[in-house]
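Working through the structure, step by step
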Amino acid sequence: MATDTRDAAPRPRRATRTAGRRQYRPLQFIREVMAELRKVVYPGRSELITYVLVVLVFVSVMTAFVASLDFGLTKAVLAIFG
C-alpha cells in the first residue's frame, strides 16, 4: 500500500548558512566589547576588600575540612589494613 504524501506534514526548509546570522568584522567586535565594558559596574575599594576576605575565609575553611577528612580517612585505612 502506497503512502499518501499529501497528508504528511510539510518538511521544514533547510536554513542557509547565512540565514539569520550577521557577519561580524573585527573592528565591529571590538567596538561592541568596549560598549559592553562601559556598562560594567566595578566594586569600590571597601566592597573589594570584603569580597576578598569572604573568599579567603571560605577557601581556608574548605581547605581545613578537606585536610581533616584526608587525615581521618588515612588513620582509618591504616587502622584497618595497617
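Quick look at the structure, then. Please read these numbers as outputs of a predicted model, since none were measured by experiment. (Residues numbered from 1 in each chain as written. Predicted model: local features only at pLDDT ≥ 70, side-chain atom pairs only at ≥ 80, totals over all residues. Heavy atoms only, no water.)

**Quick look at the overall build of the chain**
If you tally the helices and strands in the chain, you get 2 helices and 0 strands. Of the accessible surface of the chain, which amounts to about 8,800 Å², a share of 66% is contributed by carbon and sulfur atoms. (Helix = DSSP H or I, 4+ residues; strand = E, 2+ residues; numbered from the N terminus. Areas by Shrake-Rupley, 256 points an atom, 1.4 Å probe, with all protein chains shown as cover.)

**A look at the pattern of salt bridges**
A full pass over the atoms with the stated rule returns 1 salt bridge. Between Glu-36 and Lys-39 there is a salt bridge, with the nearest N and O atoms lying 3.2 Å from each other. Glu-36 gets classed as partly exposed once you look at its relative accessible area, which sits at 47%. Overall, Lys-39 belongs to the exposed group, its relative accessible area being 58%. (Salt bridge = Lys/Arg side-chain N within 4 Å of Asp/Glu carboxyl O. Buried < 20%, exposed > 50% of the residue type's maximum accessible area, 1.4 Å probe, protein only.)

**Regarding a nonpolar patch on the surface**
Among the surface-exposed residues, Leu-27, Phe-29, Ile-30, Val-33, Met-34, Leu-37, Val-40 and Tyr-42 lie close enough to one another that they form a single nonpolar patch of about 790 Å² accessible area. With respect to the helices and strands, the residue Met-34 is situated in helix 1 (residues 26-38). (Patch = residues over 30% accessible without salt bridge, like charges linked within 9 Å, V, L, I, M, F, W, Y side chains within 5 Å.)

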